[in-house]
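# Commentary on secondary and tertiary structure
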Amino acid sequence: MECELSQLKVGFVGAGNMAYAVAEGLLKSGDISADNVTVSAPSDRNLPRFQALGARVSHSNTEVACASRLLFIAVKPHLVPTVLGQISPHVTRQHVVVSVAAGVTLATLEELLPDGVGVVRLMPNLPCVLQEGALLLARGSGAGPGVESLLKRLLAPCGLVEAGPEGWIDAHTGMSGSGVAFVYLFAEALADGGVKMGIPAALAQRIAAQTLLGAGLMLRDCGKPASVLRAEVCTPGGTTIHGLHALEKGGVRAAVMSAVEAATERARELGRK
Ligand SMILES: NC(=O)c1ccc[n+]([C@@H]2O[C@H](COP(=O)([O-])OP(=O)(O)OC[C@H]3O[C@@H](n4cnc5c(N)ncnc54)[C@H](O)[C@@H]3O)[C@@H](O)[C@H]2O)c1
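Here the structure is a predicted model, which means the values were calculated and not measured. (Residues numbered from 1 in each chain as written. Predicted model: local features only at pLDDT ≥ 70, side-chain atom pairs only at ≥ 80, totals over all residues. Heavy atoms only, no water.)

So, on to the nonpolar core. Among the nonpolar cores identified, the biggest contains 39 residues, and Val10, Phe12, Leu70, Phe72 and Leu151 are the most heavily contacted of them. The set of elements that each furnish at least two residues to this core consists of strand 1 (10-13), helix 1 (17-28), strand 2 (37-40), strand 4 (70-73), strand 5 (96-99), strand 6 (118-123), strand 7 (133-139) and helix 6 (145-155). With 7 residues, helix 1 is the largest single contributor of residues to this core. In contact with phenylalanine 12, other than residues within four places in its own chain, are Ala19, Val22, Ala23, Leu26, Val37, Thr38, Val39, Ser40, Val64, Leu71 and Phe72. (Core = buried A, V, L, I, M, F, W, Y, C linked by side-chain atoms within 4.5 Å. Buried < 20%, exposed > 50% of the residue type's maximum accessible area, 1.4 Å probe, protein only. Helix = DSSP H or I, 4+ residues; strand = E, 2+ residues; numbered from the N terminus. Contact = heavy atoms within 4.5 Å.)

Structural data, given as structure tokens:
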């Protein structure tokens, strides 16, 4: 992908939440010019917000493929073969194709595109919309280390961007892509606990959100593992250890591990379809 970044043409096939989060991040990097970004979706429903970013929009996936060199595939997993079938005749070795579709393997992407095209799997998560995502990418054999560096640079405004072997992508999907929803479920339960103990619901929800935010920031920024931070909250014989005992009796640790395992297995299953 030999060109000045300010000239790099970027395309998105699919105009949903993930495409928007990634597009916004790319533009925040300051390296990509909005009028070099093109986005396609079959209906107008999601397109105005991309126009508001300054991107060009289209109903034609092939138009986007022809207009871009860095091409994100951001449709639901079952639609990936259809859209790659449409764009494949227009994709060349000058393209890099980045799929965010859960489960869809590098081998499938390579099989559906012309020989030698650089392909990458990227698994973002919803907090990318607030520049606090956790993204993991894995590149196929046609995409060199330069592609990895480029994507890390362009996606940095979306949050933490790491690279790894493809075998980690489905696990990251379970732990972080889906994991965001597990945390929301915990937030609901925490607020419900507050309501049960007499706090008004709206206030309980705000307190739950701030509790998760504060705990998350400490985990990220204090340099201490979760187990140490947890121990610091526990006064011997105090309130927290009694609450933790109740959680452990409820099997919460095993339940969360099983949730990551189930979501990972589902990603693998989607990849086999
Ligand atoms: N939502 C998440 O938290 C999340 C996280 C990580 C990865 N993903 C992956 O991102 C992908 C997109 O998910 P999303 O949540 O953005 O979905 P979404 O439903 O918000 O967006 C899908 C988009 O695809 C468009 N589309 C449908 N058919 C199309 C076609 N034939 N050609 C072009 N566009 C078409 C739709 O109009 C829509 O704009 C999925 O493959 C999913 O696995 C989602």
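Next comes the rest of the account.
Space inside the second largest pocket adds up to approximately 1,000 Å³. In terms of lining, the second largest pocket is formed by 40 residues, of which the most central are Asn17, Met18, Ala74, Val75 and Lys76. For the lining of the second largest pocket, the elements supplying multiple residues, two or more each, are helix 1, helix 4 (80-87), helix 7 (169-177), helix 8 (179-196) and helix 12 (252-272). Looking at the lining of the second largest pocket, the element that brings in the most residues is helix 12, giving 4 residues. (1 Å grid on protein atoms, 1.4 Å probe; cavity = no way out; pocket = protein on both sides within 12 Å on 5 of 7 lines; lining within 4 Å. Points joined across faces, edges and corners; volume = space filled by probe spheres on them.)

Below, the discussion takes up the site of the ligand. The full set close to the ligand counts 22 residues, and Ala15, Met18, Asn61, Val75 and Ala102 are the nearest of them. Between the ligand and alanine 15, the relevant distance is 3.0 Å, taken from an oxygen atom to a main-chain nitrogen or oxygen of the residue. Between the ligand and the protein, one listed contact pairs an oxygen atom with a backbone N or O atom of glycine 16 at 3.2 Å. When the ligand sits alone it has 830 Å² of accessible area, and the protein chains cover 79% of it. Comparing atom positions with the cavity grids shows the ligand to sit within the second largest pocket. (Near = heavy atom within 4 Å. Polar contact = N/O pair within 3.5 Å; in protein donor to acceptor, adjacent residues only side chain to side chain. Areas by Shrake-Rupley, 256 points an atom, 1.4 Å probe, with all protein chains shown as cover. Sits in = over half its atoms within 2 Å of the grid points.)

On the surface, a nonpolar cluster with roughly 390 Å² of combined accessible area is contributed by Leu126, Val129, Leu130 and Tyr184. Position of leucine 126 among the secondary structure elements: in the loop between strand 6 and strand 7. (Patch = residues over 30% accessible without salt bridge, like charges linked within 9 Å, V, L, I, M, F, W, Y side chains within 5 Å. Salt bridge = Lys/Arg side-chain N within 4 Å of Asp/Glu carboxyl O.)

Take the side chain of arginine 121 next. Turning to its location among the elements, arginine 121 is positioned in strand 6. Relative accessible area serves as the criterion here: at 2%, arginine 121 is assigned to the buried category. There is a polar contact of 2.8 Å between the side chain of arginine 121 and the side chain of glutamate 166. The contact partners of arginine 121, leaving out residues within four places of it in the chain, are Ser99, Gly103, Val104, Thr105, Leu106, Leu109, Leu136, Leu137, Ala138, Glu166, Ile169 and Asp170.

Another point: the UniProt feature "binding site: NADPH" (unreviewed entry) in the chain. As annotated in UniProt, the feature "binding site: NADPH" (unreviewed entry) corresponds to Asn61 in the numbering used here. Among the secondary structure elements, asparagine 61 is positioned in helix 3 (residues 61-67). The class of asparagine 61 is buried, set by a relative accessible area of 14%. (UniProt positions renumbered as here; feature names shortened; annotations may be inferred.)

Okay, the pattern of salt bridges next. Using the criterion set out here, one finds 12 salt bridges in the structure. Residue glutamate 166 pairs with arginine 121 through a salt bridge whose shortest N-O separation is 2.8 Å. Remark: arginine 121 occurs in strand 6 and glutamate 166 occurs in the loop between strand 8 (159-163) and helix 7; sequence separation between them is 45 residues. The exposure class of glutamate 166 is partly exposed, given its relative accessible area of 26%. When the shortest N-O distance is used, the salt bridge between arginine 220 and glutamate 132 registers 2.9 Å. With arginine 220 in helix 9 (residues 201-221) and glutamate 132 in the loop between strand 6 and strand 7, this pair connects stretches of sequence that are 88 residues apart. The class of arginine 220 is exposed, set by a relative accessible area of 51%. Bridged by salt links that share partners, the residues Arg121, Glu166 and Asp170 form one connected network.

The residues that UniProt annotates with the feature "domain: Pyrroline-5-carboxylate reductase dimerisation" (unreviewed entry) are residues 168-270. Helix and strand shares over residues 168-270 are 83% and 0% respectively, and the end C-alpha atoms of the span are 15 Å apart.

In this section: the packing of helix 7 against helix 8. At a minimum axis separation of 4 Å, helix 7 and helix 8 run at an interaxial angle of 25°. In terms of their interaxial angle, helix 7 and helix 8 are classed as roughly parallel. Along its contact with helix 7, which presents Thr173, Gly174, Met175, Ser176 and Gly177, the element helix 8 presents Gly179, Val180 and Phe182. (Axes fitted to C-alpha atoms, helices over the stretch in contact; angles between N-to-C directions. Parallel < 35°, antiparallel > 145°, perpendicular 65-115°, else oblique.)

Where burial is concerned, the two faces of strand 5 agree: the one with Val96 and Val98 and the one with Val97 and Ser99 are both buried. For the crossover that starts at strand 4, traverses helix 4 and ends in the parallel strand 5, the hand is right-handed. Where strand 5 and strand 6 come together, 4 bridges link them in parallel fashion. Bridged to valine 96 within strand 6 is glycine 118. Viewed along the sheet, the connection from strand 5 through helix 5 (residues 106-112) into strand 6 turns out right-handed. (Right-handed = clockwise from strand over helix to strand, strands pointing away. Pairing = 2+ DSSP bridges.)

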